[in-house]
Amino acid sequence: MGATLAAERMKHDGYRPQTAFNRQSILGQSTWYGQGHTLTVQGGWMGNDFEAANFYHPKFNQQYEEVSSTYAVGKWLWDISSNTSSTVSVMWREHRDMYDFDRYRFTNPSGVNHHQTDVWEAEWRGKWRQNKGSTAWGASFRREEVLSNRLGVERTPTPIPGEYVVQFTRGKQRDNSGFFLEQNQQLGQWNLSAGTLLNYNTQFGWAFYQ
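Counting starts from 1 at the beginning of each chain's written sequence and moves along it residue by residue. Since the coordinates come from a predicted model, pLDDT governs what is reported: local features require at least 70, and pairs of side-chain atoms require 80 or more to be given and counted, while whole-chain, interface and lining totals use all residues. Excluding hydrogens and water, the side-chain figures rest on all heavy atoms present in the structure.

### Focus on the environment of Arg-125
Consideration 1: Numbering of helices and strands starts at the N terminus; helices are DSSP runs of H or I of at least 4 residues and strands are runs of E of at least 2. Looking at the element boundaries, Arg-125 is found in strand β6 (residues 113-130).
Consideration 2: Only protein chains enter the calculation, and the probe is 1.4 Å; a residue is then buried if its accessible area is under 20% of its type maximum, exposed if over 50%, and partly exposed in between. You can call Arg-125 partly exposed: its relative accessible area is 40%.
Consideration 3: Residues are treated as being in contact if the distance between any of their heavy atoms lies within 4.5 Å. Non-local contacts of Arg-125, meaning those with residues more than four positions away in its chain, are made with Ser-85, Ser-86, Thr-87, Trp-137, Gly-138 and Phe-180.
Consideration 4: Here the side chain of Arg-125 touches Glu-123 through a polar contact of 3.3 Å, side chain to side chain. In protein, a polar contact means a hydrogen-donor-capable atom and an acceptor-capable atom, both N or O and within 3.5 Å, with residues adjacent in sequence counting only if both atoms are side-chain atoms; elsewhere, any N or O pair within 3.5 Å suffices.

### With respect to the packing of aromatic side chains
Consideration 1: Between rings of Phe, Tyr and Trp, where Trp is taken as its six-membered ring, a pair exists when centres lie within 6.5 Å; planes separated by under 30 degrees are stacked, by over 60 edge-to-face, and by other angles tilted. Under the definition given, this model contains four aromatic pairs.
Consideration 2: Pairing Trp-76 with Trp-78 gives two aromatic rings, centres 5.6 Å apart and planes at 10°, and the pair type is stacked.
Consideration 3: Given the relative accessible area of 34%, Trp-76 is considered partly exposed.
Consideration 4: A centroid spacing of 4.8 Å and a plane angle of 45° characterise the contact between Tyr-200 and Trp-206, whose relative ring orientation is tilted.
Consideration 5: Lying across the ring of Tyr-64, Arg-105 places its NZ or CZ 4.0 Å from the centre. Either the NZ atom of lysine or the CZ atom of arginine qualifies as a charge over a ring when it sits within 6 Å of the ring centre and within 35 degrees of the ring normal.

### What to know about the side chain of Ser-68
Consideration 1: Inspection of the secondary structure assignment puts Ser-68 in strand β4 (residues 64-79).
Consideration 2: Not counting chain neighbours up to four residues away, the residues in contact with Ser-68 comprise Trp-45, Met-46, Gly-47, Glu-94, His-95 and Arg-96.

### With respect to the side chain of Asn-113
Consideration 1: Structurally, the position occupied by Asn-113 is in strand β6.
Consideration 2: Judged by its relative accessible area of 19%, Asn-113 falls in the buried class.
Consideration 3: Looking at Asn-113, its side chain comes within polar contact range of the side chain of Arg-150, at 3.4 Å.
Consideration 4: Once residues within four sequence positions are removed from consideration, Asn-113 is found in contact with Asp-97, Met-98, Tyr-99, Asn-149 and Arg-150.

Written out as structure tokens, the structure reads:
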């Protein structure tokens, strides 16, 4: 078993007024080893609060933004036999963004932009190695969701973490599922590869690639 943990903080008053920032992060990873198995788990959080004078628009020097990202990843590798292996991975990531164009958070909170994006993903891959080739297969699922007080379609209001006046009133969600099969074969001096992919997206529908 092995584990690592790291943390960092950077804070600066800025090279001129309205350019200060406060950046923080913490990351960790742990790995367990077994008989033909390896399990790795990692996660972390990163945040940055910064003043963005004239960054998005040259006429406004009171711009301000707060961003943060949280993620968790797990991966399990299993050597089923000497020529067959399997890999399963899962992932979640959340990104939050609060953007204030001109100190609206003090005078008009509803004018501040709030966004939260969440992504969930799971994937399974398998591989069977033959004498002069290999067969690979797998399946994956991914969900993407955005909550906002500005973007997307109207939805049931949801509280914004840390906010008491503004709520998430808009959003959008889509799912993507895929299945693939691939064969690689060596024929003399030639390497041949053929594969197919079946994909379904709730926004774009079915797609078949070969």
